[in-house]
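Architecture at a glance
Residues per chain are reported as follows:
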Amino acid sequence: MTAIASSSTSAGASSPDATRDTTPYTFEEKRKRIFAIFAASSGNLVEWFDFYVYAFCAIYFAPSFFPKSDPTVQLLNTAGVFAAGFLMRPIGGWLFGRLADRKGRKTSMVTSVVMMCVGSLVIACLPTYAQIGAWAPALLLAARLLQGLSVGGEYGTTATYMSEVAMRGQRGFFSSFQYVTLIGGQLLAVVAVVVLQQLLTEAELKAWGWRIPFVLGALAAVVALMLRRTLTETASTKTRAAKGAGSVAELFKHHKRAFLVVLGYTAGGSLIFYTFTTYMQKYLVNSAGMSIKTASNVMTACLFLYMCMQPLFGALSDRIGRRSNMLLFGALGALMTVPVLSNLQNVSSPLMAGVLITLALAVVSFYTSISGIVKAEMFPPEVRALGVGLSYAVGNAIFGGSAEYVALGLKSIGHESYFYWYVTAMMGVAFLVSLLLPKQATYLHNDK
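You'll find the chain entered in an unreviewed UniProt entry as Alpha-ketoglutarate permease, with Variovorax boronicumulans given as the organism. UniProt, in the comment section headed Subcellular location (unreviewed entry), describes the chain in these words: "Cell inner membrane".

Structure (structure tokens):
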């Protein structure tokens, strides 16, 4: 399976008017494509485990790097470092997108997983504030910036690769496994914390136990590296050598509208995703009054169900179209956000909390299941990784990375409910922007 057809065509040839390739896949070709999806997504899982484990361990290591008495202030500081990691994403989206479009998707994916491994190892070995003073939070920030750079490149390249290698007519289903592994990485991060909570006391977790998941993540990255080195390149030599390949100037000269559309719905999608996943554990503890252990158990169950939903909603998009998926996402997200978050604030039953969060995540799945393919179909192969990665990274950095920081900030001044309406407004924006999506994909639709 050398450079598949979707990446060997030019912007002009890969258009809605092109003749659709209906040649059936051979058994061997199907096998190779499915293995490629597995290998690419396994690396994606490790990358996101490493990135998310920071968020779920923050409750335990915050006092070691930000020694203040107020727990909310500590969480604000760690959330600030988390957000700083997101601010590196646009740079990573540009750097790795350019690398993927000019040197190949495989090269970009291998490089990103190596960088994530290094970042995790640094955090695992960091001395505390008590040992080296202000250098501790400074080095923590540096490690998060490196991880942010890596993840900024990971999303766009993996989304592009999996969209290109997925089988025609089933691209929504197969590309949904990017978010299966993205959520899987987040789920494994939660599971790692839950297991450690059973084995260690809270004092041990705060003293040294929080380092264990970072070590595990670094080791798993080595396995991911080996798998990714077996991948077959999907970008042809012709595509990589094309004039303007991986160029920001080319992207904005010919595909500015597509970039802005993707940026528009990514803003709302990233905000609501991080609200009901990463931030939700802290919300259950700080606002609903649950214990850390109970909140972790609730989120573990919810994330597992959320992960299982992705292929179903991805397959749905193959039947009803990406545009319909996105319109349902924006409309339902705008309608349910305030009621769900308001009820969660006063919920006393962990079961009811789980039901409400799962309901919200089902709505989010209309977007996340097709997050990669709905972007990849907007750009031609010579700027696809750059277009997908940069637009996603900018929207994600501004709105996703700041989600819990904004939520905690509004809570600290007594206006937590303002955050609910902020998310709702962004869902309205996502709906309006999704109206601009074409009814038939601009690119990839006709490619084998």
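The helix and strand tally for the chain stands at 22 helices and zero strands. Against the compact-globule benchmark of 22 Å for 448 residues, the chain has a radius of gyration of 21 Å, which places it among compact chains. Dimensions of the chain, computed from the C-alpha atoms along their principal axes, are close to 65 × 45 × 40 Å. Counted over contacts in the chain with a minimum sequence separation of 6, partners at least 24 positions apart contribute 87%. As displayed, the chain offers around 16200 Å² of accessible surface, 68% of which is attributable to carbon and sulfur atoms.

This brings us to the nonpolar core. Among the nonpolar cores identified, the biggest contains 109 residues, and Y265, F276, L284 and L344 are the most heavily contacted of them. Here the element with the most residues in this core is helix α2 (residues 27-65); it accounts for 13 residues. Contacts of L344, omitting those with residues within four sequence positions, involve F276, M280, Y283, L284, A288, A353, L356 and I357.

Turning to helix α22 (residues 417-434), a few remarks are in order. With 18 residues, α22 should reach 26 Å at 1.5 Å per residue; the first-to-last C-alpha distance of 26 Å fits that figure. For α22, the full list of buried residues reads F419, Y420, V423, T424, M426, M427, A430, V433 and S434. On its buried face, α22 is in contact with α14 (256-276), α15 (278-286), α17 (322-346), α20 (384-400) and α21 (403-412).

Turning our attention to the packing of α14 against α20. Where α14 meets α20, the closest approach of the two axes is 8 Å, and the angle between their N-to-C directions is 45°. Judged by the angle between their axes, α14 and α20 are oblique. Seen from above, α14 lies across α20 with right-handed handedness. Between α14 and α20, the residues in contact are F259, V262, L263, T266, A267, S270, L271 and Y274 and G387, L390, S391, Y392, V394, G395, N396, F399 and G400, respectively. When the residues that make up the contact of α14 with α20 are grouped by side-chain class, the tally is ten nonpolar, seven polar and no charged.

What follows covers the environment of L200. Here L200 shows up in the loop between α9 (177-199) and α10 (202-207). Distance in space between the C-alpha atoms of L200 and W135 is 28 Å, their sequence separation being 65 residues. With residues up to four places along the chain from it excluded, the contact list for L200 reads L205, W208, G209 and I212.

Turning our eyes to something else, we now look at the side chain of S236. For S236, the position within the fold is in the loop between α11 (212-228) and α12 (237-241). Judged by its relative accessible area of 9%, S236 falls in the buried class. Within the structure, S236 has its side chain in polar contact with the side chain of T239 (distance 3.0 Å).

It is worth spelling out the confidence of the model for the chain at this point. Here the chain averages 85 in pLDDT, and 90% of its residues register 70 or above. By mean pLDDT, the top-scoring element of the chain is helix α18 (residues 350-368) (96), and the lowest-scoring one is helix α1 (residues 5-8) (43). Confidence drops under a pLDDT of 50 for residues 1-18, and excluding neighbours within four residues, the segment shows 56 contacts in the predicted structure.

Let us look at a nonpolar patch on the surface. A cluster of nonpolar side chains, L188, V191, V195 and L199, forms an exposed patch at the surface whose accessible area comes to about 330 Å². Residue V191 is classed as partly exposed on the basis of its relative accessible area of 30%.

So, about the side chain of T266. Tracing the backbone shows T266 in helix α14. Classification of T266 as buried rests on a relative accessible area of 0%. There is a polar contact of 2.6 Å between the side chain of T266 and the backbone oxygen of V262. Those residues in contact with T266 that lie beyond four places of it in its chain are Y367, K375, S391, Y392, G395 and N396.

On to α9. The end-to-end C-alpha distance of α9, which contains 23 residues, comes to 32 Å, matching closely the 33 Å that a straight helix rising 1.5 Å per residue would cover. Among the 23 residues that make up α9, 17 are buried, leaving the element largely enclosed by the rest of the structure.

If you walk through the whole model with that rule in mind, you get ten salt bridges. The closest approach of N and O atoms between R105 and E164, which form a salt bridge, is 2.7 Å. Of this pair, R105 sits in helix α5 (residues 105-125) while E164 sits in helix α7 (residues 135-165), and the two are 59 residues apart along the sequence. Considered together, R105 and E164 belong to a single accessibility category, that of buried residues. One connected set of salt bridges, linked through shared partners, spans D101, R105, E164 and R384.

So, how was this worked out
- Residues numbered from 1 in each chain as written.
- Predicted model: local features only at pLDDT ≥ 70, side-chain atom pairs only at ≥ 80, totals over all residues.
- Heavy atoms only, no water.
- UniProt positions renumbered as here; feature names shortened; annotations may be inferred.
- Helix = DSSP H or I, 4+ residues; strand = E, 2+ residues; numbered from the N terminus.
- Rg over C-alpha atoms; globule rule 2.2 N^0.38 Å.
- Contact = heavy atoms within 4.5 Å.
- Areas by Shrake-Rupley, 256 points an atom, 1.4 Å probe, with all protein chains shown as cover.
- Core = buried A, V, L, I, M, F, W, Y, C linked by side-chain atoms within 4.5 Å.
- Buried < 20%, exposed > 50% of the residue type's maximum accessible area, 1.4 Å probe, protein only.
- Expected span 1.5 Å × (residues − 1).
- Axes fitted to C-alpha atoms, helices over the stretch in contact; angles between N-to-C directions.
- Parallel < 35°, antiparallel > 145°, perpendicular 65-115°, else oblique.
- Left-handed = near helix turned anticlockwise from the far one by under 90°.
- Nonpolar A, V, L, I, M, F, W, Y, C, P; charged D, E, K, R; others polar.
- Polar contact = N/O pair within 3.5 Å; in protein donor to acceptor, adjacent residues only side chain to side chain.
- pLDDT = per-residue confidence, 0-100.
- Patch = residues over 30% accessible without salt bridge, like charges linked within 9 Å, V, L, I, M, F, W, Y side chains within 5 Å.
- Salt bridge = Lys/Arg side-chain N within 4 Å of Asp/Glu carboxyl O.

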